[in-house]
Amino acid sequence: MFIQTEATPNPATLKFIPGRMVLDSGTMEFSSPESARRSPLAERLFAVTGVTGVFYGADFVTVTKADGDWQHLKPAILGAIMEHYMSGAPLLADGTAASDDARDEEDEFFDEADAETVEQIKDLIETRVRPAVANDGGDITFRGFKDGIVYLNMKGSCAGCPSSTATLQHGIQNLLRHFVPDVQEVRPM
């Protein structure tokens, strides 16, 4: 098994590409060893000293570190990913491969009067923003819309990335303002 690695805009996060599907659709994030209990792979990765976050995309896994050098952490992380896939264990302890998308949608907030605007915002995020962000090992999801402000959740390499504020304010905000006049600002949640 050959696992490729790619740098991300976030120096604390590295993208690992195992050459096979990780999730059927959507994304999944683990921000603590406790949340990782539902995934044997995430548990193995959190067992590596220095790992503080794990994120699954369709065909990649991003790992975030607290400190330490990637030169020392990378072999242990590659070993954990390889060991998981070679064992044949399921991605999730319950045998499913469902993403966090349904749970994210349950927590959305917006006024019903803004439903049409929200659909436009979601469509732009889905078609123009998420694919680009996935290339960098992360994800951005819609959280809510209120008083002209769009609230987004940043995951994977995007969470805590030094360039995430610029991405939000200059890239995503400008895109949404251009196509959806009701949007005044974009904020992370």
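Residues numbered from 1 in each chain as written. Predicted model: local features only at pLDDT ≥ 70, side-chain atom pairs only at ≥ 80, totals over all residues. Heavy atoms only, no water.

Undergrad: Account for the environment of Gly26, with residues named and values stated.
TA: With respect to the helices, strands and loops of the structure, Gly26 is situated in the loop between β2 (13–17) and β3 (28–30). Here Gly26 falls in the partly exposed class, since its relative accessible area comes to 21%. For Gly26 and Asp139, which are 113 residues apart along the polypeptide, the C-alpha to C-alpha distance reads 9.1 Å. (Helix = DSSP H or I, 4+ residues; strand = E, 2+ residues; numbered from the N terminus. Buried < 20%, exposed > 50% of the residue type's maximum accessible area, 1.4 Å probe, protein only.)

Undergrad: Can you explain the nonpolar core? Please cite residues and give values.
TA: Phe30, Leu45, Val54, Tyr56 and Ile77 are the most contacted members of the largest nonpolar core, which totals 26 residues. Broken down by secondary-structure element, the contributors of at least two residues to this core are β2, β3, α1 (40–46), β4 (51–56), β5 (61–65) and α2 (70–87). No other element matches α2, which puts six residues into this core. Here Leu45 is in contact with Val51, Val54, Val61, Val63, Ile77, Ala80 and Ile81, once residues within four sequence places are set aside. (Core = buried A, V, L, I, M, F, W, Y, C linked by side-chain atoms within 4.5 Å. Contact = heavy atoms within 4.5 Å.)

Undergrad: I'd like a description of α2, backed by residues and values.
TA: Its 18 residues give α2 an end-to-end C-alpha distance of 25 Å, which sits within 8% of 26 Å, the value for a rise of 1.5 Å per residue. For α2, the full list of buried residues reads Trp70, Leu73, Ile77, Ala80, Ile81, His84 and Tyr85. With its buried residues spanning 125° around the axis, α2 presents them on a single face. Turned more than 90 degrees away from the buried face of α2 sit Gln71, His72, Pro75, Glu83 and Met86, all of them exposed. (Expected span 1.5 Å × (residues − 1). Arc of directions from axis to C-beta.)

Undergrad: Quick rundown of helix α4 (residues 115–135)? Include the residues and the values.
TA: Compared with an ideal rise of 1.5 Å per residue, which puts 21 residues at 30 Å, α4 spans 29 Å between its outermost C-alpha atoms and is within 8% of the ideal. At Val129, α4 shows its largest bend, some 40°, and a proline, Pro131, comes one to four positions later. Along α4, the residues classified as buried are Thr117, Val118, Ile121, Leu124, Ile125, Val129, Arg130 and Val133. Just beyond α4, the residue with positive phi is Gly137, at close to 85°. (Bend = angle between axes of the 7 residues up to and from the residue.)

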